[in-house]
Amino acid sequence: MPSDPVAHPSRIILRALRPVPTPVRTVPHAARWRVTGSGEVPLVRHLRRQPYPPAAPETDVHILGGRWPAAGSAELLDAYRRAAGRPLTLVHSGAGGGSLLRGLAAGDGRSTTSVALHEPTPAALHRVSGLLAAPATADELTVAADGTVHAVGWRATALPGRTPRFAGATVLVTGGLGGLGSRVALALAAAGAVPVLLDLRTPDTAPPDVRRLLARLRRRCPQAELHTVDLTDAAAARTALAGTRPTALVHCAGRIAGGTGVRLGPAEIDTLIAAKVATLETALDTIRTERLRAVLTFGSLTAHGAHPGLAGYALANELLHRATARYAAAHPAVRCCTAEWSLWSGAGMARQVARGAARQLGMVPVPLVTGVTATTRLLAALLDAPPDDAPPDSLLVFGERPGSQGAWSGRPEGVPGVDAALVVPAGDNLDAAMRTVAEVAAGSATVEPDPTAGAGTPLLVRATVTGDGVDCVVRSGADPEGPALRSSRYRLVPNPT
């Protein structure tokens, strides 16, 4: 008897990790160093007092301070170019930049290290000087005042599960006309919030699915607002946001550029940084904050690890995380969290540009409805959770498929543009198989059939999330890229929470 493909449908679920400091044992190395960067700082003075070993390996050291400088991209790219075949170590006191170096080095096969030095005590300076020629052991090392060394480790944590209730709270959503921002705004309105959308674009330039979402938002929440504003322009932001007193801010704004094998220049990287970081800082500097209780920023897991072709995007997200953390430290009454997502399925800036890199990294896309639901619950927890149950200030959130149903053609990112695929033996229930594949692609959403046409002997079913629906196409297994034998469209319907 043919198996029923719907009997045990495979689902993409979300997992979350929180960062924890992890001790690292290091072996000191002597080095012949050449310093570029921020001039007379304690580390440079310390190095100049040390014997210069004549036979040690040569290494370049680039030094940055506590904030990313205006010309930081050009500075670091130039330091990387000048280092040529030598190892390069970045030392900073909070500015960051390691993600950019790791991405560049991953494409070139070179050695780079990033070290955070916040307190230049004698013990810390001595430890850093021994790390200058050491091989990289982690994404970034942090040297404490007592000289101990830590890397960023990750520990599993539960995502908030409570049903969000916002009861008239005003929530500012930057990037509100993006594929993610518009959907988050609609979900917030469904939970009782009054969204205020900010975007550089106008509705008439938005994609059709975003315009439909905006119309639904206006019907559901007539009080919702939309402001067309360039948040990198402080004067324009002051005009647009005068008097705005939000309860929370969800920062979805940003841009992406890159792709496997792509090398960006400093101007392009600075544009990516401005779209992520300057927009957040301008919004927070402009709004009235006496009612502000939560800030949730959308980051990316590319900020960690080494991602060739996405080094500029990774840097923008690293600096976004650091900017969010600085704001949290300066405003302890406001709960802040950076959700560092993997690739989203069906929407989001990175969907097409980063798909090739995502396949190399083994990312399972975050289903659209699942991710939006997690976002609203995370914001609700930032607003209302008791102190001992509050979300951490940073979370890595990614999709995971804990098993499979049938003979899958590969992980969803294995075929460009395809979110799920299933080989269906002749004689099996094709309608059931198509619905199963659509549900897997949609994650935790319910799908309702909207059949179009088709006939033939089915062998391969593929599903792709596009806007508010899932498109299923059946093709011959002997010709997977050939003409469609049958197709159906399913409409995404969020499950009640």
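Going by the structure above, here's the rest.
Keep in mind that what you see is a predicted model, and the values were worked out from it rather than measured.

Definitions and cut-offs
Every chain's residues receive numbers from 1 upward, in the order its sequence appears when written. At least 70 in pLDDT is required for a residue's local features to be given in this predicted model, at least 80 for side-chain atom pairs to be given and counted, and no such filter applies to totals for whole chains, interfaces and linings, which use all residues. As a convention, hydrogens and water are excluded, and side-chain values are obtained from all of the structure's heavy atoms. Numbering of helices and strands runs from the N terminus; a helix is a DSSP stretch of H or I covering at least four residues, while a strand is a stretch of E covering at least two. Exposure classes here rest on a 1.4 Å probe applied to the protein chains alone. A residue is buried below 20% of its type maximum, exposed above 50%, and partly exposed in between. Definition of nonpolar core: a set of buried residues of the types Ala, Val, Leu, Ile, Met, Phe, Trp, Tyr and Cys, connected through side-chain atoms within 4.5 Å. Polar contact is the term for a pair of N or O atoms within 3.5 Å; when the atoms are in protein, one must be able to donate a hydrogen and the other to accept it, and sequence-neighboring residues count only if both atoms are side-chain atoms. The contact criterion used throughout is that any non-hydrogen atoms of two residues lie within 4.5 Å. The axes used here are C-alpha line fits, helices contributing only the stretch in contact, and every angle between their N-to-C directions lies in the interval 0 to 180 degrees. The labels follow the angle: roughly parallel below 35 degrees, roughly antiparallel above 145, roughly perpendicular from 65 to 115, and oblique for the rest. Take the far helix as your reference; a near helix turned counterclockwise from it by less than a right angle gives a left-handed crossing, and one turned clockwise gives a right-handed crossing. Residues were grouped as follows: Ala, Val, Leu, Ile, Met, Phe, Trp, Tyr, Cys and Pro as nonpolar; Asp, Glu, Lys and Arg as charged; and all remaining residues, including Gly, as polar.

Chemist: Summarise the environment of Leu188; cite the residues concerned and give the values.
Modeler: Along the chain, Leu188 turns up in helix H5 (residues 179–190). Given a relative accessible area of 1%, Leu188 falls into the buried group. C-alpha separation for the pair Leu188 and Pro164, spaced 24 residues apart in sequence, amounts to 8.5 Å.

Chemist: Residue-level account of the nonpolar core, with values.
Modeler: Formed by 45 residues in total, the largest nonpolar core has its most connected members in Phe166, Trp341 and Leu379. The biggest single contributor to this core is helix H12 (residues 368–384), with 8 residues. Membership of the second largest hydrophobic core comes to 41 residues, among which are Leu64, Leu88, Leu264 and Leu320.

Chemist: Explain the side chain of Thr174 to me, using residue names and the numbers behind them.
Modeler: Mapped onto the elements of the fold, Thr174 is located in strand S8 (residues 170–174). A distance of 3.3 Å separates a polar side-chain atom of Thr174 from the backbone nitrogen of Ala253. Other than its neighbours up to four places away in sequence, Thr174 contacts Leu198, Leu231, Val250, His251, Cys252 and Ala253.

Chemist: Quick rundown of the packing of H5 against helix H6 (residues 208–220)? Include the residues and the values.
Modeler: Across the interface, H5 lies against H6 with an axial gap of 10 Å and an inter-helix angle of 20°. Taken together, the axis directions place H5 and H6 in an arrangement best described as roughly parallel. Along this stretch, H5 crosses H6, giving a crossing that reads as left-handed. Residues Gly179, Ser182, Arg183, Ala185, Leu186, Ala189 and Ala190 of H5 pack against Asp209, Val210, Leu213, Arg216, Leu217 and Arg220 of H6. Among the residues making up the contact of H5 with H6, the classes are represented as 7 nonpolar, 2 polar and 4 charged.

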